[in-house]
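Take a look at the letters that make up each chain.
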Protein chains: 2
Amino acid sequence: MLPTDDRLLLGPGPSPVSDRVRVALGAPARSHLDPDMMAILDNVRAQLARVFRAPAGAMTLAVSGTGTSAMEAAIANMVAPGSNLRALAIVTGYFGDRLAQMLTRYGAQVDVLPVEWGKAVDPADVERALGQASYDFVTVVHAETSTGVRNPIDLITPIAHAKGALVIVDAVTSLGAIPLDMAAWGVDVCYSCSQKGLGAPSGLSPIAFAPSALLKRVACRSFYFDLALLSSFWIDRKYHHTISAPLVYALHTALEEVEEETLERRWDRHEATHVQLVMGLDALGMRILPPSSARLWNLNAVEVPAGVNEAAVRAALLTQHQIEIGAGLGPLAGRIWRVGIMGSGATSANVTRLLDALPAAIKTAAHA
Amino acid sequence: MLPTDDRLLLGPGPSPVSDRVRVALGAPARSHLDPDMMAILDNVRAQLARVFRAPAGAMTLAVSGTGTSAMEAAIANMVAPGSNLRALAIVTGYFGDRLAQMLTRYGAQVDVLPVEWGKAVDPADVERALGQASYDFVTVVHAETSTGVRNPIDLITPIAHAKGALVIVDAVTSLGAIPLDMAAWGVDVCYSCSQKGLGAPSGLSPIAFAPSALLKRVACRSFYFDLALLSSFWIDRKYHHTISAPLVYALHTALEEVEEETLERRWDRHEATHVQLVMGLDALGMRILPPSSARLWNLNAVEVPAGVNEAAVRAALLTQHQIEIGAGLGPLAGRIWRVGIMGSGATSANVTRLLDALPAAIKTAAHA
């Protein structure tokens, strides 16, 4: 029943795991309260602080769930019903919208700043929106996985702070793949996942609260996502939940790989594979949806050529070439493919393999 | 940094994983929407329905988090603020109390039926409590991990149903280790974990909603735990979160092992190792806390002998014998050890190894 053959994961995530990370999954188990485990968790907290480039005094840890659980933890500890907190949700795609939903579920008054899917938010529009009402929070997705767009967090944060709003940033698809600097940019809350830029399997999701955010925490309604309880486990070694040893080992090892490579070289590697892909697609007459100034390096929204059956192409890549790419979401369903070249999968060889297979898959799909 | 030597996990969980489960973690990755993954998830749903002995029409799946996340999912889909729902929380220990906290956080009006730690609830007390007010829910822990007590779910459920209350059962420490039969007992909502009786690592937690519970679902405030969204992923193959492939592989494989052994023989095996442990402890002059009628087979609350430094004994077992056992929680801290003999760890050889090491560790602790 379990797969026996490898598949090249070039979708929106999970990205491929390295052999080293895969082996780490099977290291001898330790319980969640074992001294060995606690030493590893201390290390993971420090690794995450460095990889987020979190400011001094930030609290960093990993939520025992996927990226969406970290999104919920971010909101659930900053917003509560009855608190009358107001949020401006910048929605540049599916995940910006998910953040707006999460804010609403947790009782914030939410105004949406909508942006056309495929474009980045214009900081001037943020400034204008923040001038129309008083907001406690701005939420924004750094790397919008649904559109392949990079939003200018570094420009948005000072605008929000000038208006007294904290900034919650979704870095699910950016951490470890494209430049991100919590401290330099002044991000107040930032969360991510393990299975994209970092190159671990999913299931354990990094989150960082800057001191500015820790000061404004609310009593969390959720038990599982309560930062007070999470930190009592991660820091004070008090039982809260049974963290998954294989996932801890994998995340720790993936973070080791990130730091051995250095963040800068890792970002460069993602840029290089992006450029290679764009040039190769251009030679095939294919285009990337977002304007070049706003393109992610690691998640490429590739326009489906006219007349091509996009689902049939994905199926042909999957079954005949053992390559996974992703479909479009929401208004971009049927209009784009989402090609993730990230983590340990961001190699020139993988791009070449996809560029070789794609024309063949399009031909197969045309005759299907 | 990662452990290289094996440790025998005889605490309250995680239990040891078999080689087969460990190997499954490293099987070739598939994304959360891959057809191969969907086929495995279909299988896991069916496996869980059988292992829970869920009634026809039940919804079974696994929450992407630990047992506490499944507890929160159970409550978050049945209780909402403003619904004026009333719950009777039977509290026989730490996890019964956690359920009461969860109910309160999600807006239920909660009355607690407290039971002395180390004893099972008396069904007559449940009947009396249910006669004093009208309740929508009764919550109860089947296997109270903090005390080693088994509560008589089969007797409680008909009493609750006669009064019009649904029964939410925590089976975190019972599923796969001691008899549990949702359908025969009439359990309405049941949840568990992967890392105890089932023998997988933690991080993916089984849950089952009987049709009686599905009829009474509320709009879930949480996004991550929303059953409507979870089932849209598990059943309708719509993206909700990126389920962790290694954890799915491990749980699927562990459930295969459970069913190959058969539940009945697995229960018998846990009973046999329990009896062996109790007899061995008796020979050492040591006793189990709960009365014999209410003892769990897989989680043994062992009274710390007078004058023994319990923490030093655990430390000696850990460092000199590579055996983990658990400490007491709450009012039983310092008074008991929690010895879990479960999952693939429930073998005669493991019990013998512990019984051999324990006197030596007590001697070491006395001289420390």
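This one's a predicted model, so the numbers in the text were calculated from it and none came from an experiment.

So, on to the overall build of chain A. Across its full length, chain A holds 13 helices and 14 strands. Computed over the C-alpha atoms, the radius of gyration of chain A is 20 Å, within 12% of the 21 Å expected from 2.2 N^0.38 for a compact globule of 368 residues. Taken across its 368 residues, chain A has 59% of its residues classed as buried.

A word on the sheet that holds strand β8 (residues 166–170) of chain A. Residues and elements named next belong to chain A. Reading across from one edge, β2-β10-β9-β8-β5-β3-β4 is the order of the seven strands in this open sheet, with mixed pairing throughout. Either end of the sheet is taken by a strand with one partner, and the two such strands are β2 (59–63) and β4 (109–114). Averaged over all pairs of adjacent strands, the angle between their axes in this sheet comes to 15°, without regard to strand direction. Pairing of strand β5 (residues 137–141) with β8, which is carried by five bridges, proceeds in the parallel orientation. Of the residues in β8, the one forming a bridge with V140 is V169. Against the sheet, helix α3 (residues 67–76) contacts β2, β8, β9 (189–191) and β10 (205–209), and its axis sits at roughly 20° relative to β10.

A common measure of how large an interface is: the accessible area buried when the components associate. Residue and element names in this part refer to chain A. Each domain of chain A was delimited in the assignment, giving domain 1 (8–15 + 263–366) and domain 2 (20–260). Put simply, the middle of domain 1 and the middle of domain 2, counted by C-alpha atoms, are 26 Å apart. Facing 27 residues of domain 1, the contacting portion of domain 2 comprises 26 residues. Of all the secondary-structure elements, those providing two or more residues to the side of domain 1 that touches domain 2 are α11 (263–283) and β11 (299–303). For the side of domain 1 that touches domain 2, the leading source of residues is α11, giving four residues. Residues of the side of domain 1 that touches domain 2, tallied by class, amount to 16 nonpolar, eight polar and three charged.

Before going further, it helps to examine the relation of the copies chain A and chain B. Between the two copies, chain A and chain B, the superposition gives an RMSD of 0.0 Å; the rotation angle is 180° and the shift along the axis is 0.0 Å. Such a combination of turn and shift is consistent with a two-fold rotation axis. Distance from the rotation axis, computed per C-alpha, reaches its smallest value in chain A at G65(A): 2.6 Å. A share of 100% of the interface residues of chain A reappears at the interface of chain B, consistent with the copies meeting face to face through the same patch.

In this complex, chain A contributes 53 residues to the contact, which on the side of chain B involves 53 residues. Counting only elements with at least two residues in the side of chain A that touches chain B, the list comes to α1 (19–25), α2 (35–52), α3, α4 (94–105) and α10 (245–261) of chain A. If you tally residues by element for the side of chain A that touches chain B, the top one is α10(A), at five residues. Split by residue class, the side of chain A that touches chain B holds 21 nonpolar, 21 polar and eleven charged.

What follows concerns the packing of helix α11 (residues 263–283) of chain B against helix α13 (residues 348–366) of chain B. Residues and elements named next belong to chain B. Between α11 and α13, whose axes approach to 9 Å, the crossing angle comes to 20°. Considered as vectors, α11 and α13 are oriented roughly parallel to each other. The interaxial crossing formed by α11 with α13 has right-handed handedness. On α13, the residues that touch T273, Q276, L277 and G280 of α11 are S348, V351 and L355. Taken together, the residues that form the contact of α11 with α13 break down as three nonpolar, four polar and no charged.

Right, let's get into the environment of R237(B). All names here are of chain B. Looking at the secondary structure, you find R237 in the loop between α9 (227–234) and α10 (245–261). For R237, a count of 14 C-beta atoms within 10 Å puts it in the partly exposed group. The sequence separation of R237 and L329 amounts to 92 residues, and the corresponding C-alpha distance is 41 Å.

With that settled, consider the sheet that holds strand β8 (residues 166–170) of chain B. All names here are of chain B. Strand order in the open sheet formed by seven strands is β2-β10-β9-β8-β5-β3-β4, with mixed pairing between adjacent strands. Each of the sheet's edge strands pairs with one partner strand only, and the pair in question is β2 (59–63) and β4 (109–114). When the angles between neighbouring strand axes are averaged without regard to direction, this sheet yields 15°. Bridge count for strand β3 (residues 86–91) against strand β5 (residues 137–141) is three bridges, and the pairing is parallel. Its bridge partner lying in β5, A87 is registered against F137. Packed onto the sheet, helix α4 (residues 94–105) meets β3, β4, β5 and β8 and runs at close to 160° relative to β3.

So, how was this worked out
- Residues numbered from 1 in each chain as written.
- Chains lettered and ligands numbered in written order.
- Predicted model: local features only at pLDDT ≥ 70, side-chain atom pairs only at ≥ 80, totals over all residues.
- Helix = DSSP H or I, 4+ residues; strand = E, 2+ residues; numbered from the N terminus.
- Rg over C-alpha atoms; globule rule 2.2 N^0.38 Å.
- Buried ≥ 20, exposed ≤ 12 C-beta atoms within 10 Å, placed from the backbone.
- Pairing = 2+ DSSP bridges.
- Axes fitted to C-alpha atoms, helices over the stretch in contact; angles between N-to-C directions.
- Contact = placed C-beta atoms within 7 Å.
- Domains from an automatic or database assignment.
- Nonpolar A, V, L, I, M, F, W, Y, C, P; charged D, E, K, R; others polar.
- Least-squares fit on C-alpha atoms with pLDDT ≥ 70 in both.
- Parallel < 35°, antiparallel > 145°, perpendicular 65-115°, else oblique.
- Left-handed = near helix turned anticlockwise from the far one by under 90°.

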